[in-house]
Amino acid sequence: MKIAIMTALFFLAGLSSTAFAAPALREYDILRSFPPGRLAAMAAGDMPDAKGLTGSNRINGSWLEAGPQRGSCRGVLANVALGDLAAADLAWKGIEVAFAHQRADGGFEAEVRPNGASAKPLGAAVETAFFFLQELGRAILVIRQSPHEAHFHDRIVALEPKIRRATDFITAGYDTIIANSSHAVNRIVIAAKAFGTCGVVLNDEKLIATSRKLIAHALTLRDKEGVFIENGGRDSSYNVVSILFGQVLALHVPIPEFEAALPAAIAWQLTRILPSGEVDVKGNTRTGVGAEKSYFGDPKNVNYNEVVLALTYYGLVHHDKAALEAADRVFAYSRSPAKSAKPTK
C-alpha cells in the first residue's frame, strides 16, 4: 500500500496540467540554476556609481526619483545568488541612497526629469515608489532564502519601518495605479509585485491581498489570445515584462490564476523571437517603432535583458525547452555585434 501511495504521489507531481499547483520553488535556487555566466552578465549594469545611483539617476548624474534605484536591488540579489557579498554590499549602497530621499509621508523626493516631466504629482510619486519597492521586496526575499541572511539581517531590520511607510504611501495611492496604469498592464503587474513581495517581507496579509487584487485586474487586460495589452495592442517587449514580473511574484505569493495565463502569453512571445535571437518589433504599440521616448529623448526599444530573464525563468520553472532555447538565442544576439550595429528607429 505504501509503495502504491508513493507511486501515485510521484505521478501527480509529474503532471503538467494547470489543474495542479506547480511545485514550490525558491527564486534563489532558480537564480543559481541560470546558465553559467548569464546572471553575472545581466547584472553588470545594475551596480551603483560612486554616488550610489543606478538607472536613469546614474545616467542623469544626480537624483531624479526612486524608481531608477531598483537597479541596485537587482545588483544585490544577483550577487547574493552568485555568492559575491562584497559586490552585494556595494550594490546595497543604492538602496541606502534611495531611503536617504524618503519623505515623512513614505514617498520619495523627486526632481524634474530631462523631458520636463516629474514624479512629484501623486500618481507619478506612487508609481516611482512601487517601481523601487517591487525589486527591494524581491531582493530581501532572495536574501532570506540564501545562506547569507545573517550578513544583511541588521540592515533589513532597520529598513522595515521605512518599507512600512513606503507601502502605506502606495496603498493610499491605490486608485491612481488603476487610473494611470491600466493602459500599460505591465505596470499593474509591477505594482502587484511591490505589494506582494513587500507584504511577505512585512508579514502583512493586507498588502498581499492588494497584490492579488491587482493581478486579478491585470488578467482582464489581455486580448482574446491571452497576450497582455499595451497601449491598445501588442508589444513584444512589454508583454514579456508582464510575464517576467508576474512569474517572479508567483515564486513568492501563490497566484495560480496568473500562472495559468502564462502559457498563452509565452506562446505568442516565442513567435516574436527570430532565428537570429532578435526580437521582432513589427506591429508593436510601444517599443522599437519610435512610438515612445525615454526621459532623455531616446526612442524606447526592446529591453533584451527582460526578454532573456522572462524566458529563462519560465523555462526553468516549467521545464520548457522551447523557452530556454529562445532565451539562449536572445541572450547571444543581445551580446552580439549585430545587436550593437542595429539602428534605432
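Relevant structure appears above.
Residues numbered from 1 in each chain as written. Predicted model: local features only at pLDDT ≥ 70, side-chain atom pairs only at ≥ 80, totals over all residues. Heavy atoms only, no water.

Scanning the protein from N- to C-terminus turns up 16 helices and zero strands. In terms of overall dimensions, the protein is globule-like: its C-alpha atoms have a radius of gyration of 20 Å, near the 20 Å expected for 345 residues. Referenced to the eigenvectors of the C-alpha coordinate spread, the extents of the protein come out at roughly 65 × 45 × 40 Å. Burial statistics for the protein: of 345 residues in total, 52% are counted as buried. Taking the contacts inside the protein whose residues are at least 6 apart along the sequence as the reference set, 70% of them involve residues at least 24 apart. Summing over all exposed atoms, the protein offers an accessible surface of approximately 14,900 Å²; the carbon and sulfur share of this is 58%. Averaging the locations of the 37 positively and 34 negatively charged side chains of the protein gives two centres separated by 3 Å. (Helix = DSSP H or I, 4+ residues; strand = E, 2+ residues; numbered from the N terminus. Rg over C-alpha atoms; globule rule 2.2 N^0.38 Å. Buried < 20%, exposed > 50% of the residue type's maximum accessible area, 1.4 Å probe, protein only. Contact = heavy atoms within 4.5 Å. Areas by Shrake-Rupley, 256 points an atom, 1.4 Å probe, with all protein chains shown as cover. Lys, Arg positive; Asp, Glu negative; His and termini not counted. Charge placed at Lys NZ, Arg CZ, Asp CG, Glu CD.)

Now for the packing of helix α8 (residues 149-172) against helix α10 (residues 185-202). For the pair α8 and α10, the least separation of the axes is 11 Å and the interaxial angle reads 145°. α8 and α10 meet at a crossing whose hand is left-handed. Between α8 and α10, the contacting residues are E160, I163, R164, T167, I170 and T171 on the first element and A194, F195, C198, V201 and L202 on the second. Here the contact of α8 with α10 is composed, by residue class, of seven nonpolar, two polar and two charged. (Axes fitted to C-alpha atoms, helices over the stretch in contact; angles between N-to-C directions. Left-handed = near helix turned anticlockwise from the far one by under 90°. Nonpolar A, V, L, I, M, F, W, Y, C, P; charged D, E, K, R; others polar.)

Attention now moves to empty space enclosed by the protein. According to the stated counting rule, one finds one cavity of 30 Å³ or more in the structure shown. Taken as a whole, the largest cavity holds about 30 Å³ of empty space. Lining the largest cavity are G123, V126, E127, F130, T176, I177, N180 and S181. Of all the secondary structure elements, the ones that give two or more residues to the lining of the largest cavity are α7 (122-145) and α9 (174-181). The class makeup of the residues in the lining of the largest cavity is three nonpolar, four polar and one charged. (1 Å grid on protein atoms, 1.4 Å probe; cavity = no way out; pocket = protein on both sides within 12 Å on 5 of 7 lines; lining within 4 Å. Points joined across faces, edges and corners; volume = space filled by probe spheres on them.)

What follows deals with the nonpolar core. With 101 residues, the main nonpolar core has I95, F130, F132, L136, I170 and Y313 as its most contacted residues. Of the residues forming this core, the biggest block, 13 residues, is contributed by α7. (Core = buried A, V, L, I, M, F, W, Y, C linked by side-chain atoms within 4.5 Å.)

Locating A50 in the fold gives a position in the loop between α3 (38-43) and α4 (55-60). Looking at A50, the relative accessible area reads 70%, which means it is exposed. Sequence separation between A50 and D328 is 278 residues; the distance between their C-alpha atoms is 33 Å.

Next up on the list: helix α6 (residues 85-100). Compared with the 22 Å implied by 1.5 Å per residue over 16 residues, the 22 Å span of α6 between its first and last C-alpha is a close match. The inward-facing, buried residues of α6 abut α5 (70-82), α7 and α8. (Expected span 1.5 Å × (residues − 1).)

A complete count under the given rule lists 20 salt bridges for this structure. The shortest N-O distance in the salt bridge between K193 and E135 comes to 3.0 Å. One end of the pair, K193, is in helix α10; the other, E135, is in helix α7, and 58 residues separate them in sequence. Side by side, K193 and E135 carry an identical accessibility label, which is buried. For E230, the salt bridge is made with R286, and the minimal N-O distance between the two is 2.7 Å. On the criterion of sequence distance, the pair formed by E230 in the loop between α11 (205-218) and α12 (238-250) and R286 in the loop between α13 (256-271) and α14 (304-318) is long-range, its members being 56 residues apart. A single network of salt bridges, built from pairs that share partners, joins E27, D46, R74, E135, R138 and K193. (Salt bridge = Lys/Arg side-chain N within 4 Å of Asp/Glu carboxyl O.)

At N203, a residue that is not glycine, the phi angle is positive and equals roughly 55°. If you trace the backbone, N203 turns up in the loop between α10 and α11. Positive phi is not limited to glycine here, since H319 has a value of about 55°. Its relative accessible area of 70% is what places H319 among the exposed residues.

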